[in-house]
Amino acid sequence: MTGLYKYGTAALICLCLFPVGIRGQFRFSGQLSGIMQYTPDVYTDFSAAGRYIPQLNYKIPLKKEHLIDFEASANIFGNMDAALFYDIYFDWKIKAYRYWARYSNARMEVRIGLQKINFGSAQMFRPLMWFDRMDPRDPLQLTDGVKALLGRYYFLNNANIWIWGLYGNNDLKGYELTPVGKHRPEVGGRIQLPIPKGEAALTYHYRITDPASLFPPWSSARPPFEEVGEQKIGFDFKVNAEAGFWLESSWTRFNRNLGVYTHQEMITAGSDYTFGIGNGLLATFEQCIYSYDQNAFAFAHPTTLSALSLLYPLNAFDKISAMVYRNWTNHDNYFFLNWEKEFNRFLFYVTGFWNPKSYFLPGQTVGSNRFAGKGVQIMVVWNH
């Protein structure tokens, strides 16, 4: 109910601060989705879920391309998991999805509130997935936001700079192993520069974190301190020639010795190309390596992964796609096949998958037990 309170409060602020006398533009929209899934390799082999995301936007155009706008939305979600003829489990949640206010013009913007912050070039294995958990298998690309103050400035040569501060985000974000320290802010920034046929960027983030969750209470390796500093440094670039090429990397380090968790490195290289077959076959390939190490860049405990994505439009309303993952360290393969159909404001998806029963892919572990083993999922989406 806390999320509902925040959503209602944000909407009320918008209405109270800007009465009818001020020229503003209201827009109400929403997304309703339903999912049914059968996964025989999971105990609760049948599941059904529904989600509604109502969204309210309010814009106040000002002079000379200046704008003040607001957004408030909620995530209303219900789920049923069933082991047919045995057990049925129900769960539901109402929480804030987004609430933010923004001032912007042609060259800059400042946004405060619960928002989505994401960047980088990689698509399937994303080392710079620092503040979101978007899953490449999810056609809706849903992710929780972060409470932040974000400023961005765009230069005339297409360079841009980001500066942010986060506060009050107690849940784990991205690839985080430990929660942020209580009542501790987080700060960071990103500078993105144009290069021939593309762009390159350098990103930095700093926070104080609690390392206790890495070690059980009885462990002799449990650190005697309650807080450590954590720094993230990221580099990425992308160029577009006959094909697209990108590299994305991230190095995370704690400023105290936490054993093998002291350093984390992740590097992804990728490429995409559209083959002139029929309506055009888009192929995307990524190669990733990541490791946890006591010494920086030792890669003493590496995991190596590959991913191939294929997308083919059958016509203006139908698409088929396939994704194949290979974990070379565990010798596991993951297969996904999807058909998408569009009917005006309705979208229809059918997904089949064949994966290991013990499921693990970096950045795709939230709710991944539903994709363990083999199964089929049907999703219907209505946007209004």
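Heads up: the structure comes first, above all this text.
Residues numbered from 1 in each chain as written. Predicted model: local features only at pLDDT ≥ 70, side-chain atom pairs only at ≥ 80, totals over all residues. Heavy atoms only, no water.

**Q** Talk me through the overall build of the chain; I want residue IDs and the actual numbers.
**A** When helices and strands are tallied, the chain shows 1 helix and 18 strands. The C-alpha atoms of the chain give a radius of gyration of 22 Å, which matches the 21 Å a tight globule of 384 residues would have. C-alpha extents for the chain along the principal axes are approximately 65 × 50 × 50 Å. For the chain, buried positions account for 43% of its 384 residues. Of all intrachain contacts in the chain linking residues separated by at least 6 positions in sequence, the fraction that spans at least 24 positions is 55%. (Helix = DSSP H or I, 4+ residues; strand = E, 2+ residues; numbered from the N terminus. Rg over C-alpha atoms; globule rule 2.2 N^0.38 Å. Buried < 20%, exposed > 50% of the residue type's maximum accessible area, 1.4 Å probe, protein only. Contact = heavy atoms within 4.5 Å.)

**Q** Outline the side chain of Asn-169, supporting the account with residue identities and numerical values.
**A** As for its placement among the helices and strands, Asn-169 is situated in the loop between strand S7 (160–166) and strand S8 (186–195). Judged by relative accessible area, Asn-169 falls into the buried class, the value being 7%. Engagement of the side chain of Asn-169 in a polar contact is seen with the backbone nitrogen of Lys-147, the distance being 2.7 Å. Leaving out residues up to four positions away in the same chain, Asn-169 has contacts with Val-146, Lys-147, Val-180 and Glu-186. (Polar contact = N/O pair within 3.5 Å; in protein donor to acceptor, adjacent residues only side chain to side chain.)

**Q** Residues and numbers for the pattern of salt bridges, please.
**A** Summed over all chains, the structure comprises 15 salt bridges. As a salt-bridge pair, Arg-184 and Glu-227 come within 2.7 Å of each other at their nearest N and O atoms. With a gap of 43 residues between them, Arg-184 in the loop between S7 and S8 and Glu-227 in the loop between strand S9 (198–209) and strand S10 (228–240) connect regions that are remote in the sequence. On the basis of relative accessible area, Glu-227 is assigned to the partly exposed category, the value being 30%. Measuring nitrogen to oxygen at the nearest pair gives 2.9 Å for the salt bridge that ties Asp-318 to Lys-341. Of this pair, Asp-318 sits in strand S15 (residues 318–327) while Lys-341 sits in strand S16 (residues 332–343), and the two are 23 residues apart along the sequence. Where salt bridges share partners, they join Lys-173, Glu-176, Glu-186, Arg-207, Glu-230 and Lys-232 into one cluster. (Salt bridge = Lys/Arg side-chain N within 4 Å of Asp/Glu carboxyl O.)

**Q** Now, about a nonpolar patch on the surface: what can you tell me, with residues and values included?
**A** A grouping of Tyr-153, Phe-155, Ile-161, Ile-163, Ile-191, Leu-193, Leu-202, Tyr-204, Ile-233 and Phe-235 is seen on the molecular surface, where their side chains present a nonpolar patch of about 850 Å² in accessible area. Elements with a contribution of two residues or more to the nonpolar patch: S7, S8, S9 and S10. Note that Tyr-153 resides in strand S6 (residues 146–154). (Patch = residues over 30% accessible without salt bridge, like charges linked within 9 Å, V, L, I, M, F, W, Y side chains within 5 Å. Areas by Shrake-Rupley, 256 points an atom, 1.4 Å probe, with all protein chains shown as cover.)

**Q** Please set out the pairing of S16 residue by residue, giving values where relevant.
**A** It is a general feature of regular strands that their side chains alternate between the two faces of the sheet. Inspection of the sheet shows S15 paired to S16 by 10 bridges, in the antiparallel sense. Counted as the bridge partner of Lys-319 is Glu-340 from S16. Between S15 and S16, which pair antiparallel one after the other, the connecting turn spans 4 residues, and His-331 there sits at a positive phi close to 60°. In the sheet, S16 pairs with strand S17 (residues 346–354) via 9 bridges, with the strands oriented antiparallel. (Pairing = 2+ DSSP bridges.)

**Q** Please provide a residue-by-residue account of the nonpolar core, values included.
**A** In this structure, Phe-125, Leu-305, Tyr-325, Tyr-334, Phe-336, Tyr-359 and Leu-361 are the most contacted members of the largest nonpolar core, which totals 17 residues. Secondary structure elements with two or more residues in this core: strand S13 (281–293), strand S14 (302–313), S15 and S16. Counting residues in hydrophobic clusters, the runner-up holds 11 residues, among them Phe-119, Leu-128, Phe-131 and Ala-148. (Core = buried A, V, L, I, M, F, W, Y, C linked by side-chain atoms within 4.5 Å.)

**Q** Tell me about the packing of aromatic side chains, and name the residues and values.
**A** The description of an aromatic ring pair rests on the distance of the ring centres and on the angle between the ring planes. According to the stated counting rule, one finds 21 aromatic pairs in the structure shown. Measuring from ring centre to ring centre gives 5.6 Å for Phe-125 and Tyr-325, while their planes differ by 65°; the resulting arrangement is edge-to-face. Here Phe-125 is found in the loop between strand S5 (108–115) and S6, whereas its partner Tyr-325 is found in strand S15, with 200 residues between them in sequence. Measuring from ring centre to ring centre gives 4.9 Å for Tyr-273 and Phe-275, while their planes differ by 80°; the resulting arrangement is edge-to-face. The exposure class assigned to Tyr-273 is partly exposed, which follows from its relative accessible area of 34%. Residue class for Phe-275 comes out partly exposed when judged on its relative accessible area of 37%. Here the aromatic cluster, defined as three or more aromatic residues joined through ring pairs, consists of Phe-119, Trp-130, Phe-131, Trp-162 and Trp-164. The cationic tip of Arg-111 hangs over the ring face of Trp-100; the distance from NZ or CZ to the ring centre is 5.4 Å. The cationic tip of Arg-256 hangs over the ring face of Phe-225; the distance from NZ or CZ to the ring centre is 4.5 Å. (Phe/Tyr/Trp six-rings, centres within 6.5 Å; stacked < 30°, edge-to-face > 60°. Lys NZ or Arg CZ within 6 Å of the ring centre and 35° of its normal.)

**Q** Which residues make up unusual backbone geometry, and what values do they have?
**A** Although it is not a glycine, Asn-158 sits at a positive phi angle of roughly 75°. If you trace the backbone, Asn-158 turns up in the loop between S6 and S7. Taking the relative accessible area as the measure of exposure, Asn-158 reaches 62% and is therefore exposed. Although it is not a glycine, His-183 sits at a positive phi angle of roughly 60°. Looking at the secondary structure, you find His-183 in the loop between S7 and S8. Judged by relative accessible area, which is 61%, His-183 ranks as exposed.

**Q** Tell me about the pairing of S17, and please be specific about residues and values.
**A** Judged by which residues are buried, S17 turns out to be one-sided: Leu-347, Tyr-349, Thr-351 and Phe-353 face inward and are buried, whereas Phe-346, Phe-348, Val-350, Gly-352 and Trp-354, on the alternate face, are not. Between S16 and S17, which pair antiparallel one after the other, the connecting turn spans 2 residues, and Asn-344 there sits at a positive phi close to 50°.

**Q** How would you summarise the environment of Phe-285 if you had to cite specific residues and measurements?
**A** Among the structural elements, Phe-285 can be located in strand S13. Judged by relative accessible area, Phe-285 falls into the partly exposed class, the value being 39%. The spatial distance from the C-alpha of Phe-285 to the C-alpha of Ala-269 is 8.4 Å, given a sequence separation of 16 residues. Those residues in contact with Phe-285 that sit more than four places away from it in its chain are Trp-246, Ala-269, Gly-270, Ser-271, Ser-306, Ala-307 and Leu-308.

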